[in-house]
Amino acid sequence: PNMRARPTPEFRAFARRVIEAGADVFIGHSAHVIQGIEVWRGKPILYDAGDFIDDYAVDPELRNDRSALFLLRVAPSAIERVDLVPVQIGRCQVNRAREPERSWFARRVLGLCAELGTDVLDDGDRLRVRLPGIG
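Because the structure is predicted, anything quoted here is derived from the model rather than measured. (Residues numbered from 1 in each chain as written. Predicted model: local features only at pLDDT ≥ 70, side-chain atom pairs only at ≥ 80, totals over all residues. Heavy atoms only, no water.)

## Concerning the nonpolar core
Ranked by internal contacts, the top residues of the largest apolar core, which has 17 residues, are Ile 37, Phe 70, Leu 84, Phe 105, Val 109, Leu 127 and Val 129. Among the secondary structure elements, those contributing two or more residues to this core are β4 (66-74), β5 (79-90), α2 (101-115) and β8 (127-130). Among the elements that make up this core, the one with the highest residue count is α2 (four residues). The residues contacting Leu 84, other than those within four sequence positions of it, are Ile 37, Ala 68, Leu 69, Phe 70, Phe 105, Val 109, Arg 126, Leu 127 and Val 129. One finds Ala 15, Ile 19, Ile 45 and Tyr 47 within the second-largest nonpolar core, a separate group that totals six residues. (Core = buried A, V, L, I, M, F, W, Y, C linked by side-chain atoms within 4.5 Å. Buried < 20%, exposed > 50% of the residue type's maximum accessible area, 1.4 Å probe, protein only. Helix = DSSP H or I, 4+ residues; strand = E, 2+ residues; numbered from the N terminus. Contact = heavy atoms within 4.5 Å.)

Okay, here's the thing in structure tokens:
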């Protein structure tokens, strides 16, 4: 469903089944807002990547104008990590997020990922999800 901060239990079960069926990564998009990242069986599930070009009115709580450029580091046999570069969408442009929007985005992602048991490192530039035993 659109404009939800978290995936439904049914959608989480679906994404996990996709990984179990052999996918190396699951990238969801429909809610138009960033949701958490879960690591399932060593593989990343990005429940919702949010918007990258926003054509909707901005929700003041969910902030669909704040998202990320997702960079997946891929090795020959697996995805090693997922990096998120926070962005701010406005006036028909996507730009790197600056303060205070960048910190807001980082806090939100760190909290949503923690709810899913995923550790995220914030190095001040990017947010990084390291996959267990790989990166």
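## Examining the sheet that holds strand β3 (residues 43-46)
Strands sit in the order β1-β3-β2 across an open sheet of three strands; the sheet is mixed. Two strands close off the open sheet at either side, each with one partner strand: β1 (26-27) and β2 (37-40). Of the pairings in the sheet, the one linking β1 to β3 comprises two bridges and is parallel in character. Directly across from Ile 27, in β3, lies its bridge partner Leu 46. (Pairing = 2+ DSSP bridges.)

## Observations concerning unusual backbone geometry
The omega angle of the peptide bond from Glu 99 to Pro 100 is 5°, so this bond is cis rather than trans. Relative to the helices and strands, Pro 100 resides in the loop between β6 (93-96) and α2. Although it is not a glycine, Arg 63 adopts a positive phi angle of roughly 50°. Among the secondary structure elements, Arg 63 is positioned in the loop between β3 and β4. A positive phi angle, near 65°, is found at Cys 92, a position not held by glycine. Mapped onto the elements of the fold, Cys 92 is located in the loop between β5 and β6.

## Re the side chain of Ser 67
Within the fold, Ser 67 resides in strand β4. Within polar-contact distance, the side chain of Ser 67 engages the backbone oxygen of Ala 49 at 2.9 Å. Setting aside chain neighbours within four positions, we find Ser 67 in contact with Ala 49, Gly 50, Asp 51, Val 85, Pro 86, Val 87, Ile 89 and Phe 105. (Polar contact = N/O pair within 3.5 Å; in protein donor to acceptor, adjacent residues only side chain to side chain.)

## Focus on the pairing of β6
Bridge count for β5 against β6 is four bridges, and the pairing is antiparallel. Following the sheet pairing, Gly 90 is matched in β6 by Gln 93. Connecting β5 to the next strand, β6, in antiparallel fashion are two residues, including Arg 91 with a positive phi near 55°.

## Looking at the pattern of salt bridges
Under the criterion given, the structure shown has twelve salt bridges. Lys 43 serves as the salt-bridge partner of Asp 24, at 3.4 Å between the closest nitrogen and oxygen. Taken together, the residues span a long stretch of sequence, with Asp 24 in the loop between α1 (9-20) and β1 and Lys 43 in strand β3 at a distance of 19 residues. Take Asp 24: its relative accessible area is 45%, and that puts it in the partly exposed class. Among the ionic contacts, a cluster of salt bridges with common partners joins Arg 81, Asp 83, Arg 96, Asp 125, Arg 126 and Arg 128. (Salt bridge = Lys/Arg side-chain N within 4 Å of Asp/Glu carboxyl O.)

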